[in-house]
Amino acid sequence: MSEFKIVSGRSNRPLAEKVATALGLSLSGVKIQNFSDGEIWVKYEENVRGVDLFIVQSTHAPSDNLMELLILIDAARRASAKRITAVIPYFSYARQDRKDQPRVSITAKLVANLLTEAGADRVIAMDLHTPQIQGFFDIPLDHLYASTALVKRMHLENLDRLAIASPDVGGVKTARAYATRLDADLVVVDKRRPAHNVAEVMHIIGEVNNKNVIIVDDLIDTGSTFVKCAEALKNKGADRIIGVCTHAVFSGAAIEKINKSDAVSKVFVTDTIPPHWDSPKIEIISIAELLAEAIVRTHENASISSLFEIVR
Ligand code: R5P
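Below, the structure is looked at part by part. None of these values were measured; they are calculated from a predicted model.

Focus on the sheet that holds strand β12 (residues 241-248)
Right, on to step 1. Read across the sheet, seven strands follow the order β10-β9-β8-β11-β12-β13-β14 without closing on themselves; strand pairing throughout is mixed. Of all strands in the sheet, those bounded by a partner on one side alone are β10 (198-205) and β14 (282-285). Strand after strand, the sheet turns through a mean of 25° between neighbouring axes, direction not considered.
Right, on to step 2. Sheet analysis places strand β8 (residues 162-166) next to strand β9 (residues 185-195), joined by four bridges and oriented parallel. Its bridge partner being in β9, S166 is matched across the sheet by V188.
Right, on to step 3. Against the sheet, helix α6 (residues 224-235) contacts β8, β9, β10, β11 (212-220), β12 and β13 (266-270), and its axis sits at roughly 35° relative to β10.

Description of helix α1 (residues 13-22)
Because an α-helix completes one turn every 3.6 residues, residues spaced three or four positions apart along the sequence face the same direction.
Right, on to step 1. Within the sequence span of α1, burial applies to L15, A16, V19 and A20. Around the axis of α1, the buried residues are gathered within 140° of arc, so they sit on the same side. What points out from α1, more than 90 degrees from its buried face, is the exposed set P14 and T21.
Right, on to step 2. For α1, the secondary structure elements touched by its buried residues are β1 (4-8), β4 (52-56) and α8 (288-299).
Right, on to step 3. After α1 finishes, the residue G24 shows a positive phi value of roughly 70°.

A word on the layout of surface pockets
Right, on to step 1. Roughly 200 Å³ of volume is contained in the second largest pocket.
Right, on to step 2. Lining the second largest pocket, in full, are T148, A149, K152, R153, I285, S286, I287, A288, E289, L290, E293 and L307.
Right, on to step 3. Those elements giving two or more residues to the lining of the second largest pocket turn out to be α4 (147-156) and α8.
Right, on to step 4. Here the lining of the second largest pocket is composed, by residue class, of six nonpolar, two polar and four charged.
Right, on to step 5. Three or more residues apiece are contributed to the lining of the second largest pocket by two domains, here domain 1 (4-145 + 288-311) and domain 2 (147-285).

Parameters at a glance
- Counting restarts for each chain, with residues numbered from 1 along the sequence as it is written.
- Given that the model is predicted, a residue must reach a pLDDT of at least 70 before its local features are reported, and side-chain atom pairs must reach 80 or more before they are shown or counted; all residues, however, enter totals for whole chains, interfaces and linings.
- Just so you know, side-chain values use all the structure's heavy atoms and leave hydrogens and water out.
- Here, a strand pair is defined by DSSP locating no fewer than two bridges between the strands.
- Under the scheme used here, helices are H or I runs from DSSP no shorter than 4 residues and strands are E runs no shorter than 2 residues, and both carry numbers assigned from the N terminus.
- For helices, the fitted line uses only the C-alpha atoms of the stretch in contact; every axis is such a line through C-alpha atoms, and the angle between N-to-C directions lies from 0 to 180 degrees.
- We call two residues in contact whenever any of their non-hydrogen atoms come within 4.5 Å of each other.
- For every residue, the accessible area (1.4 Å probe, protein chains only) is compared with the maximum for its type, and the residue is labelled buried under 20%, exposed over 50%, or partly exposed between those bounds.
- The arc in question is the one spanned by the directions pointing from the helix axis to the C-beta atoms.
- A cavity here means a set of 1 Å grid points, computed over protein atoms only, where a 1.4 Å probe fits but cannot escape. A pocket is an open set with protein on both sides within 12 Å along at least 5 of 7 lines, and lining residues have an atom within 4 Å of a point.
- Grid points are joined across faces, edges and corners, and a volume is the space filled by probe spheres set on the points.
- Note on residue classes: Ala, Val, Leu, Ile, Met, Phe, Trp, Tyr, Cys and Pro are nonpolar, Asp, Glu, Lys and Arg are charged, and everything else, Gly too, is polar.
- By convention here, the domain bounds are inherited from an automatic or database domain assignment.

Given below as structure tokens:
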């Protein structure tokens, strides 16, 4: 096998280390420092000339994580890496993906442009807010689904009388994939957003009385959508309510809301964003092996479509 190397930015080094360990490698050396005013400085500590380089960096807040990724890519390009793959377990700014009102930005496209302009040759991302974001890139993007790991864990819960709930219409395809794999019914929650980070449940489409329900979402941010959905489902007679989400953004009072809600019994999240919370209700399922498999297959120019199959 020709050479490939993995480096990590500072946003989620524990995940990058797990990925490297799964491949029997160590992370390659890169020094990252801040100047007094906060500006980021990067230097590869080993030769990357001619190397197939994978840079692991989630871009959750602060935006410096995104800037750091761009600088890592730029430095690798200037050091003559043969191919640069940005491995972005959590791709931020993805929710602004269309001009839904006049005079707003499409930040998902902006970030795609920035990554390409910095010198990325490929991207590996996981559970993008909408799959259409792939089309914002003119370089290859491999889109992985955490459901590959999460469904396996859900099987261990041995839930009968099960329904899978999508907290909005946009999530129906993913929820249906879970429902198929877990032999469950599908429920759709009709949600409205009167303002940023405020969610209101309008209707529940489907039967939940006396059922165990798994709410599936790509991310939980303020927890407003998730907790409101859980409470609406509880009011309709749902039994045990579990959340499954890929990206544990958890901003503001999200953790307090989840901890306090009697409707929520447990939440499963992945490690695309490092844990910055403490909750007895939350369990982390690592997606490191999935990323490792995607990296090695990318390096070998092998198919990674079998890693996608869960959401077909
Ligand atoms: C919305 O389309 C997303 O899938 C999430 O449901 C949403 O972004 C979660 O945000 P919050 O936790 O702030 O309600």
